[in-house]
Amino acid sequence: MPLNVVSSPAAAAKVCAGLRAARPHHGRHLLRAPSHPSRRVPSLSSSSSAGRAAVPAMAAAEAGVSTAAEARSSGAGVKQALISLSDKTDLAYLGNGLRSLGFSIVSTGGTASSLEAAGVNVTKVEEITHFPEMLDGRVKTLHPSIHGGILARRDQEHHLKALNEHGIGTFDVVVVNLYPFYNKVTSGVISFEDGIENIDIGGPTLIRAAAKNHKDVLVVVDHEDYPALLEYLQGKQDDQQFRKMLAWKAFQHVASYDSAVSEWLWKQSKQGDTFPPSFTVPLSLKSTLRYGENPHQKAAFYGDKSLSLVNAGGIATAIQHHGKEMSYNNYLDADAAWNCVSEFESPTCVVVKHTNPCGVASRQDILEAYRLAVKGDPVSAFGGIVAFNTTIDEVLAKEIREFRSPTDGETRMFYEIVVAPGYTEKGLEILKGKSKTLRILEAKRSGKGLLSLRQVSGGWLAQESDDLTPENITFTTVSDRAPQEDELSDAKFAWLCVKHVKSNAIVIAKNNCMLGMGSGQPNRLESLRIAFRKAGEEAKGAALASDAFFPFAWNDAVEEACQNGIGVIAEPSGSIRDSDAVDCCNKYGVSLLFTGVRHFRH
């Protein structure tokens, strides 16, 4: 499965290290013109569009050129720029800047009208092609007079001879962005026909042609790059690295666009098949991290721009209100905590350490839920991640800030991250006072029915997300003793918790509170023993949930659980020795529930 990596402002700025930046544009810029120490750098990029528009509109006239058509007929070899934009942000600034540098401008329909309205002299494409725009705008620039002028290599005499024979002039700059297909198909329900009409054809063709011939043609697809373009054009040196970066960005722009079209069409045409024969995941660099899991590993964080993830929530789209920048491990832990707490409908607190929930509690009083979640394993909770599925108000914020560890009643609890769906103004203010480094995240509930991807060496695994909750399955009593109502409730709570614990996983819970858990052990018996050690005496009469079946019962995990006083066990079943588990539970008077659903988590 190929991955398209789409540059963000921060990404391109880092990739272009060594190239000097234009002056700030709207607070950021993506590409930087090369450094020419011998010449003075003109101040082309103002922080406002108004400042940009101050580039003299009549400067081009001083260069002695009026229109592209005249330039072609005169054979003067005047520089030409082709501009065709859907997003016309800073168009006047670009047009005036190019004209002031002696460029003739060729443009299409709406772009040409906007330039003319801004006082920029422009030649319409149809004056070059001698062919009208047709088919409701589907055909505008698909013509040899346009693409010949873009694709011709200037170092090949036979290319230039062919252009001369057909009266075709060259283009030195191509500035194009595309129909807003992504925004259109994610803005709400649209018809299939409307979606099709928002697929750009001419634009990608222009971009790809210019990017292929980047040695001779500068291609720009982002208005944030206009200042760097104009600065570069003022220089007398030719920097191929700058041209290559623009070409790279152009191909990435088209690749990301095509991935959205492909994903949308698959959803429109699939016959119930979840997995397409091939697909592209468009990733956008959100930040470069200090390091990866360990300091010697470089790392970065990418956002997924797939259509299926629009409004899907989750940690990737969370707002950080306070604290140090997120680390690689912070993202993993925060994701685990948020996915877990988002499963619960009643007010719940989840504490996570190394992606495993070490404390979970649900109560109508969220303060009590928080205290119980920390109490479940206060040693592990210290330095962990705390997640809530309710808004953090002033009272809860004070409790988080001041709460002392249950181990000694004195040490103030320290957390790496607090994540919640919202904060009151006062609650956020108080929480910020806990620590300068505390990362405070606001996230939307993670979506359901998404595709889960995981990388292995040389490939990717894809699966449906594990969205099952206790309400989706049947807890079947297979023992002589049926569980009481409160025991069944405890079993369901434990089962929902164990879903988020790394295999082999065991969770012991009672009264909507996780008392102990064992995770990640190569054998299930050892995970069970860890869970009981954490739960202590509170395990008597509690519920135990296992993420997978018990391969053995007698003198093994099931019998040990029964001997430790557990009240009810919930497990998937599926072992050839399931009958042993039933007999063992019957011997000790323990209720045994088969769920029929396994929850491996690797």
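So, here's what we can say about the structure.

Definitions and limits used
Residues numbered from 1 in each chain as written. Predicted model: local features only at pLDDT ≥ 70, side-chain atom pairs only at ≥ 80, totals over all residues. Heavy atoms only, no water. Core = buried A, V, L, I, M, F, W, Y, C linked by side-chain atoms within 4.5 Å. Buried < 20%, exposed > 50% of the residue type's maximum accessible area, 1.4 Å probe, protein only. Contact = heavy atoms within 4.5 Å. Helix = DSSP H or I, 4+ residues; strand = E, 2+ residues; numbered from the N terminus. Pairing = 2+ DSSP bridges. Right-handed = clockwise from strand over helix to strand, strands pointing away. Patch = residues over 30% accessible without salt bridge, like charges linked within 9 Å, V, L, I, M, F, W, Y side chains within 5 Å. Areas by Shrake-Rupley, 256 points an atom, 1.4 Å probe, with all protein chains shown as cover. Salt bridge = Lys/Arg side-chain N within 4 Å of Asp/Glu carboxyl O. Axes fitted to C-alpha atoms, helices over the stretch in contact; angles between N-to-C directions. Arc of directions from axis to C-beta. Polar contact = N/O pair within 3.5 Å; in protein donor to acceptor, adjacent residues only side chain to side chain. Phe/Tyr/Trp six-rings, centres within 6.5 Å; stacked < 30°, edge-to-face > 60°. Parallel < 35°, antiparallel > 145°, perpendicular 65-115°, else oblique. Nonpolar A, V, L, I, M, F, W, Y, C, P; charged D, E, K, R; others polar. Lys, Arg positive; Asp, Glu negative; His and termini not counted. Charge placed at Lys NZ, Arg CZ, Asp CG, Glu CD. Left-handed = near helix turned anticlockwise from the far one by under 90°.

Let's shift gears to the nonpolar core. Soluble globular proteins tend to pack their nonpolar side chains together in the buried interior. Residues Tyr370, Phe388, Ile392, Ile508, Leu544 and Ile569 are the most contacted members of the largest nonpolar core, which totals 99 residues. The contact partners of leucine 544, leaving out residues within four places of it in the chain, are Ile506, Val507, Ile508, Leu528, Phe532, Phe550, Ala561, Ile566, Val568, Ile569 and Ala570. Counting residues in each nonpolar core, the second largest holds 54 residues, with Ile146, Ile207, Ala247 and Trp264 among its members.

Within the element layout of this structure, tyrosine 179 appears in the loop between strand S5 (173-176) and helix H10 (181-186). With relative accessibility at 27%, the residue tyrosine 179 sits in the partly exposed group. With 93 residues separating them along the chain, tyrosine 179 and serine 86 place their C-alpha atoms 5.7 Å apart.

Next up on the list: the sheet that holds strand S6 (residues 218-220). With parallel pairing, five strands are arranged side by side in an open sheet as S4-S3-S2-S5-S6. If you trace the sheet from one side to the other, it starts and ends with strand S4 (123-124) and S6, each paired once. Across four bridges, the pairing between strand S2 (residues 80-84) and strand S3 (residues 104-107) is parallel. Bridge pairing in S3 links leucine 82 to valine 106.

So, on to the pairing of strand S13 (residues 415-420). Of all the six residues making up S13, five are buried; the element is thus mostly covered by neighbouring parts of the structure. Both strand S12 (residues 384-388) and S13 contribute to a ladder of four bridges, which runs parallel. Within S13, the position partnered with glycine 384 by the bridge is tyrosine 415. Between S12 and its parallel partner S13, the chain crosses via helix H18 (residues 394-402), and the hand of that crossover is right-handed. Here S13 pairs with strand S14 (residues 439-442) via four bridges, running parallel. In the strand pairing of S14, valine 419 is matched with leucine 441. Handedness of the S13-helix H19 (residues 425-432)-S14 crossover: right-handed.

Looking now at a nonpolar patch on the surface. A cluster of nonpolar side chains, Phe275, Leu451, Leu453 and Trp460, forms an exposed patch at the surface whose accessible area comes to about 310 Å². Looking at where leucine 451 falls in the secondary structure, it is placed in strand S15 (residues 451-456). Exposure remark for leucine 451: the relative accessible area of 35% places this residue in the partly exposed category.

In spatial order, the strands read S17-S22-S21-S20-S18-S19; together these six strands make up an open sheet with mixed pairing. Bordering the open sheet on either side are strand S17 (476-477) and strand S19 (514-518), each of which pairs with just one other strand. Strand direction decides the pairing type here: strand S18 (residues 506-509) and strand S20 (residues 543-546), joined by four bridges, are antiparallel. The partner of valine 507 across the bridge, within S20, is alanine 545. Running over the sheet, helix H20 (residues 485-498) touches S18, S19, S20, strand S21 (568-571) and strand S22 (591-594) and is turned about 35° from S20. Running over the sheet, helix H21 (residues 524-535) touches S18, S19 and S20 and is turned about 150° from S19.

Helical geometry note: an α-helix holds 3.6 residues per turn, so side chains three or four residues apart project in the same direction. The complete set of buried residues in H18 reads Leu396, Ala397, Glu399 and Ile400. One side of H18 holds all its buried residues, which, seen down the axis, span an arc of 160°. Considering only its buried residues, H18 is in contact with helix H16 (366-375), S12, S13 and H19. Of the residues that open H18, the one with a side-chain oxygen 3.3 Å from the backbone nitrogen of valine 395 is aspartate 393.

Moving on to the packing of aromatic side chains. One pass over the full model with this rule turns up 11 aromatic pairs. Here phenylalanine 301 and tyrosine 331 contribute two aromatic rings whose centre-to-centre distance is 3.9 Å and whose plane-to-plane angle is 20°, an arrangement assigned as stacked. One end of the pair, phenylalanine 301, is in strand S8 (residues 299-304); the other, tyrosine 331, is in helix H15 (residues 328-341), and 30 residues separate them in sequence. There is no split in this pair, since phenylalanine 301 and tyrosine 331 are both buried. Ring geometry for phenylalanine 382 and phenylalanine 414: centres 5.9 Å apart, planes at 50°, overall tilted.

Glancing now at the packing of helix H8 (residues 144-151) against helix H12 (residues 202-212). Axes are the key here: two packed helices are described by the angle between their axes and the distance separating the axes. The contact between H8 and H12 brings their axes to 8 Å, and the two run at 25°. Considering the angle they form, H8 stands roughly parallel to H12. Counting all contacts with H8, which are made through Ile146, His147, Ile150 and Leu151, the residues of H12 involved are Thr205, Leu206, Ala209, Ala210 and Lys212. A class-by-class count of the residues in the contact of H8 with H12 yields six nonpolar, two polar and one charged.

This paragraph deals with a negative patch on the surface. A contiguous patch of negative charge on the surface is contributed by Glu116, Glu126, Glu127 and Glu133. Following the sequence through the fold, glutamate 126 ends up in helix H7 (residues 125-129). In this structure glutamate 126 comes out as partly exposed when scored by relative accessible area, which is 32%.

With that settled, consider the packing of H12 against helix H14 (residues 240-269). Taken N-terminus to C-terminus, the directions of H12 and H14 make an angle of 150°; their axes are 9 Å apart at the nearest point. Considering the angle they form, H12 stands roughly antiparallel to H14. Both H12 and H14 take part in a crossing whose hand is left-handed. Only Ala247, Ala250, Phe251, His253 and Val254 of H14 make contact with H12, whose side of the interface consists of Pro204, Ile207, Arg208, Ala211 and Lys212. Along the lines of polarity and charge, the residues of the contact of H12 with H14 split into seven nonpolar, one polar and two charged.

The next subject is the side chain of aspartate 490. Note that aspartate 490 resides in helix H20. Lacking a salt bridge, the buried aspartate 490 has lysine 510 as its closest oppositely charged neighbour, with an N-O distance of 6.3 Å. In this structure aspartate 490 touches Ala509, Lys510, Asn511, Asn512 and Ala543, once residues within four positions along its chain are discounted.

Each neighbour pair has its own omega, and for serine 503 with asparagine 504 the value is -10°, a cis peptide bond. Turning to its location among the elements, asparagine 504 is positioned in the loop between H20 and S18. The phi angle at threonine 355 is positive, at roughly 70°, despite the residue not being glycine. For threonine 355, the position within the fold is in the loop between strand S10 (348-353) and strand S11 (356-362). Positive phi, close to 80°, is recorded for serine 573, a residue that is not glycine.

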